[in-house]
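What follows is the residue order along each chain.
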Amino acid sequence: MFSEERKEGSPRFGKLHFPVGLWINSPKKHFVKMSRRWPSVGSVRSTSSDTASRGSETVELRPPGKAKAGRHKRLSNLFHRSTSSGAGVGGGRWGSEKKLADLIDPVPEDLVELSSQPQLPGILKIFGGAISRGANYKSVLATPRSTARQLVREALERYGVAPEEEEGGYVLCDVVGRFEGPGGAWQAEHLRPVGDTERPLVLQDVWKPKAGLSRRFEVRRRREVERVGEAEDNETAGINAQARRLQKSRSRAASGGPAPKERADNLSLRRSISDMNLSARKRRERKAVLSVAGAEVGPAGEEQEGEVAPAQEAEPADQGTKSGEAEDSADGANLEQLSQCLIQPPTQHPYFLLLLGCDKQDFVIYVMTRRRHVFGRRPQPDKGGYVDTFLCAPDILPRHCCVREAELAPGPALVRPFRGAAVTLNGGALVREAELHPGDLLGLGQHFLFMYKDPRTPQPRPAWLPRPWVSPGLAGAFSCQACGRSLQERQDAFQAYVESREPELRYRPQEEEALLREIVRLQGATTFNLAPAFLLGLCLEHSTRVLEPSHFPRLVARMAQLIKEAVWEKIKEVGDRQPENQQDKGQVGVLSIEEVAADLRPLMLWMANAMELLNLVQKKVLDMEKELDLEGSSHDALLSSDLETCDEAMAVLDEVIMSTFQQSVYYLTKTLYSALPALLDSNPFTAAADLSHAQELSTMPKGIRGTLAIYQATLELTRECELHPDLVSQTFGYLFFFSNASLFNTLMERGTGGPFYQWAKAVQIRTNLDLVLDWLQGVGLGDIAAEFFRKLSTTANLLCVPKTSLVKATWSRLRSEYPALTPAQLHHVLSNYHLGLGRPYPEGWSPPPEEREEMVNSEIFESFSDHPPLILPSEGFRLCPAALVTDDALHHQLCRLRRFLWDLEQASLPANQRAPHGLEGGQ
C-alpha cells in the first residue's frame, strides 16, 4: 500500500535495537476463535494466512493467481470405408465390422484410473473441487485394507477442513466420467457414494469403468450427494407412477373401457383425484354429473338422454342391448372426464393455483407438502439440488424460486428468488426474500403465474387489489397527482424524514459516489468519532434492502478504496512533518508526545472506523455465504463472483487496519526510545519525588515521568478515538514489549565491563519499575504490563538479592528461581556481577558443561522481531445500525447528508420537474 518515497529520510535504528517493521497476522476472509492473549483482551479470531511487512511504511496487497485448466486431446475419425472390392454382393459394406466397445474412443491406460498411478503404488489421489474452489486433488497414503472413512479423514486434513466439520459431513464418491470439450473439462456421468467400511483400492481392482470412461474418487459433502439421490428417487417414482397409470388404462380398455384415443385424452387431464376409484359411485352420480353438463351424451346433433324416440323403443331386444352397452360406455367416459374437472383443493397444506401456464400438460394445483418448496427445471444427473415442482419454460432456471413456511405458525410464508431468476410478486420485481401472504400473485419468468393459497389461515385482502379511491376534496387542486397529497403534506413528510432519528439513508445509485466522498470527508469534522463507519453502514443497509444484489459487492469495494486513499494521504502528511524530513537538517529534534498524539489522531480514527465497518461488511457477507450454501456453490457463478469481490474489499480494509496500527506504534515507540533510558539511570529516592501519590505524574520521579507521560497520552488518544478495546490492549501490548526489550538490552550492555550489576543500583531500577507497574495497574493495564515486563522484572529481582545470599546460591537453584532468563542471559549477569575487589567468582555459579556448550552461540539480547501479532477482534463492537440515532452530533450529520442528497437529486432534474421552493427549506 505504501510507496518507497520515505525510505531515504527514515531514521535507522539497527544499532539502537529499534524494530524497523512489524510482522502482523491479518485474517483475509473468515475469523476463527483463538485463546486469550492477555487477560484484558477478549476472544479473537485469526486464520492461517499471514501478511508479512518488513518495512515500516510499505504494505503491498497482491491478488491471488488463478489456476489454469488442463487440456485433454480428443480422438476422432473412428470409421473408415473399406477399399476392397470383393466383399460380397452388397459392395457398400464397411471394411471391418467391430463391436460397439471397439468403436468408442479408447482411453489411455494411465487415464482410466485418475486416482492412482501404477508407478506410485500406495498413493491415492482424492479430488475435492466440490469443497475447495481451485483445488485439484490431495494425495493420501492408502493400502488395500484402508476404508473410505479413513481416507476421507486424511483428505480433509490436507484440505484444511475444521475437525468439528469432518464427522459425518463428507463422503467418498466413486465418480465415472470423461474429459470433454477443447479444454478437456471433466464431465461426471455416474456417481456412487462409497460406504464408510468399503475399501477403495479393492474397488479399483474388482470393478473397472467401461470403455471410453475414466474413474476417480472425489470427496463431497454428504448433504449434496443426498440431494442428488433424492432428485433421482423422485424421478424414478414419477416414472413408476406413470407406468402404473398406463397399466391401469390398458386393463380398463381390455375390460370394455373407452377407445385408446379417448383414454389418451383422459390421461392428458391433470387432476388431484386421478388415482381415486370412482367405479363404486359412478352410477350413483351419473345423473347429477350429466345434469350439470347439460345431459349431453355425444356430439352435437345426437339426442339427449331421456328423449327416447318411438322408433328406438320398437327395436328388437338384441339391438337394444347393444345400444345400451355403447351408451353405458360413452356415459362412463364422459363421467370420468367431468369428474376430473371437479377438483377439490387440499385443506391441510398450502398450495399454488396456476393462473397462467406454458404447456397443456401443466397441473392446475401444486401442493406444498414440505416446509420448503423449490420451483425449477428438471436438473441433469449429478447437477442441481432438490426441486419440488418442475416447470417447462425456456426462462426457468434449474433452481428458480424457493418458498418456505414461517417458523411460527400461523404466519406469512417467505419467498426468495435464486440468483438471476426473474420473479415477480404482485406485479413488482422480486430481488430479495419477502413475505408471501395468501392471495398473493407469484410470477415465475414470462410464462407462469400462480396464486398462493393457505387454507389453514384466514384470507386477507390481496395486496394486488387496488385501493378504493377517495376524493381529496378542495386540496386536490394543489396536490400531487401521483400520491394524492397536497404540497403542504408533501413538505411536512419530507421534513419529518430529514429530521427523523431512524437509521435510514435513501439515495439513488447515481448519487452514491458523491455521497461516499462526502462521508469520507467527515472524518474528524464531528464529535462523534465513529460517524463515517455508521453512515457507511447505512449505505450498506440501503443497498441490501433496496438495490440489486449485484450492487452490494461494488459498493463495498468502492468504500474500501476511498478509505485506503484517505489513509494514505494522512500517512504521507504525518511523515512529512517528521523532523528528519524537514528542509532544515540543522534543527533536527524530537517531537513531543503531544505533537505525536496530534499527528496520530487521524490514523487512530481511521483504524477505529475501519474495524467497525469491517464487522458490518462481514455480517452481510456471512448472509451471502449462507445463501451460497443453500443454492449450491457449483450452480451460481454470479454469487461466487460477488463473494470474491467482497473478499478483496475486506482484504483492503484489513490492510488499512494493519497500516494504521503499524504507523501508530512506529511513532510511539520512536518517542519511547528516547525516554526509556532514564528509568535505569534515575534515582527515585530524591527529595523532589513523592511516592505516596503514585497516580499523579507531577509527583512521580523525574526519571520515569517521561515514560508514563507517553503511556498516558496514548491511553487518552485511544479512548478519544473510541478504538476497539482489543486493539487498545494490543497497542499497549506492543508498547510494553518494546519497552521491556529496549530496557533489557540496555541493561545487558551496561553490565559488561563495569560495576553496574550491584545491589544499590538494582534497588533503584526495581523501585522505578514498581512505580511504573503500579501506575499502569491503576489505569487498567496492569495485567498486560506484568506479562511483557516479566524478563526485566526478573533481572531486577535477581540483582536485588543481597550479595551475601547470592554468593551462596547454586546454578541449578538460580535457574529454577529465575526461569524467565535463558542460560546465556543468567550467565552474563552472574559473570559481570560486582562482588568487590579481590573477591573470587563463586564456583556454584558455573553452569554445567552441556549448558556451557549451548551458551557459546546463544544470544543474550532480546529480539524485536518476536513481538505479538495483530489479531483482529470478533466481538465487542460499538455500532448498531438498527438502533435509533441518539447522539446529537451524529443526528446533525445525518440530517445534513439527507439534505445533501435531496439537493443532488433536484439538481439532476429539469427545471420544470423540480420541487417547489417550500420543499427545499434548509435546516
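Conventions and cut-offs
- Residues numbered from 1 in each chain as written.
- Predicted model: local features only at pLDDT ≥ 70, side-chain atom pairs only at ≥ 80, totals over all residues.
- Heavy atoms only, no water.
- Helix = DSSP H or I, 4+ residues; strand = E, 2+ residues; numbered from the N terminus.
- Buried < 20%, exposed > 50% of the residue type's maximum accessible area, 1.4 Å probe, protein only.
- Patch = residues over 30% accessible without salt bridge, like charges linked within 9 Å, V, L, I, M, F, W, Y side chains within 5 Å.
- Areas by Shrake-Rupley, 256 points an atom, 1.4 Å probe, with all protein chains shown as cover.
- Salt bridge = Lys/Arg side-chain N within 4 Å of Asp/Glu carboxyl O.
- Lys, Arg positive; Asp, Glu negative; His and termini not counted.
- Charge placed at Lys NZ, Arg CZ, Asp CG, Glu CD.
- Pairing = 2+ DSSP bridges.
- Core = buried A, V, L, I, M, F, W, Y, C linked by side-chain atoms within 4.5 Å.
- Contact = heavy atoms within 4.5 Å.
- Axes fitted to C-alpha atoms, helices over the stretch in contact; angles between N-to-C directions.
- Left-handed = near helix turned anticlockwise from the far one by under 90°.
- Nonpolar A, V, L, I, M, F, W, Y, C, P; charged D, E, K, R; others polar.

What to know about the environment of Gly420
Position of Gly420 relative to the elements: it lies in the loop between β15 (413-417) and β16 (423-425). When its relative accessible area of 59% is taken as the criterion, Gly420 is described as exposed. Along the backbone, Gly420 and His400 are 20 residues apart, and their C-alpha atoms lie at a distance of 8.3 Å.

Re unusual backbone geometry
Positive phi, normally seen in glycine, also occurs at Asn426, with a value near 55°. The exposure class of Asn426 is partly exposed, given its relative accessible area of 25%. With a phi angle near 55°, Glu722 is a residue other than glycine that sits in the positive phi range. Counting through the fold element by element, Glu722 comes out in the loop between α16 (702-720) and α17 (725-750).

Considerations on a negative patch on the surface
There is a patch of like negative charges on the surface, built from Glu565, Glu569, Glu573 and Asp576. Among the structural elements, Asp576 can be located in helix α12 (residues 551-576). According to the relative accessible area criterion, Asp576 is partly exposed, its value standing at 49%.

Digging into the sheet that holds β16
If you trace the six strands from one edge of the open sheet to the other, you get β11-β10-β20-β19-β16-β17, paired in antiparallel fashion. Two strands close off the open sheet at either side, each with one partner strand: β11 (365-367) and β17 (428-429). The pairing of strand β10 (residues 351-356) with strand β20 (residues 448-453) spans five bridges and is antiparallel. Looking at β20, one finds that Leu354 is bridged to Phe450.

A short note on the pattern of salt bridges
A side chain with one charge may pair with a side chain of the opposite charge, provided their charged atoms come close. In this structure the tally under the stated criterion is 30 salt bridges. Taking the shortest distance from any N to any O, the salt bridge between Glu433 and Arg404 comes out at 3.0 Å. With Glu433 in the loop between β17 and β18 (434-436) and Arg404 in strand β14 (residues 401-404), the pair connects residues that are 29 residues apart, well separated along the chain. Given a relative accessible area of 27%, Arg404 falls into the partly exposed group. In this structure, Arg896 engages Glu518 in a salt bridge whose closest nitrogen and oxygen atoms are separated by 2.9 Å. With Arg896 in helix α25 (residues 888-907) and Glu518 in helix α10 (residues 512-521), this pair connects stretches of sequence that are 378 residues apart. Overall, Arg896 belongs to the partly exposed group, its relative accessible area being 28%. Classification of Glu518 by relative accessible area gives buried; the value is 11%. Several salt bridges share partner residues, and in doing so they unite Arg371, Glu405, Asp454 and Arg456 into one network.

Details of the pairing of β20
Taken together, the four bridges between strand β19 (residues 441-444) and β20 define a ladder with antiparallel strand orientation. Bridge assignment links Gly443 to a residue of β20, and that residue is Leu449. Hairpin connection, β19 to β20: the antiparallel pair is bridged by three residues, and Gly445 has positive phi, about 70°.

Regarding a nonpolar patch on the surface
Judged by side-chain polarity, Leu120, Ile123 and Leu141 come together as a nonpolar surface patch covering roughly 270 Å² of accessible area. Following the sequence through the fold, Ile123 ends up in strand β5 (residues 123-127). Taking relative accessible area as the criterion, Ile123 reaches 32% and is therefore assigned partly exposed.

Brief notes about the nonpolar core
With 139 residues, the main nonpolar core has Tyr711 and Phe736 as its most contacted residues. By residue number, the principal contributor to this core is helix α13 (residues 593-631), which donates 18 residues. The contacts of Tyr711, once residues within four sequence positions are left out, are Leu672, Phe732, Leu735, Phe736, Ser739, Val772, Trp775, Leu776 and Phe789.

Concerning the environment of Glu157
With respect to the helices, strands and loops of the structure, Glu157 is situated in helix α1 (residues 148-159). Taking relative accessible area as the criterion, Glu157 reaches 55% and is therefore assigned exposed.

Things to note about the side chain of Thr457
Of note, Thr457 is situated in the loop between β20 and α9 (487-498). Note on Thr457: relative accessible area 18%, which makes it buried.

Topic: the packing of helix α14 (residues 637-675) against α17
Remark: α14 packs on α17, axes separated minimally by 10 Å, with the N-to-C direction vectors making an angle of 35°. The hand of the α14/α17 crossing is right-handed. In this structure, α14 uses Phe661, Val665, Leu668, Thr669, Leu672 and Tyr673 to contact α17, whose residues at the interface are Gln730, Thr731, Tyr734, Leu735, Phe738, Ser739 and Ser742. Of the residues in the contact of α14 with α17, the class split is eight nonpolar, five polar and no charged.

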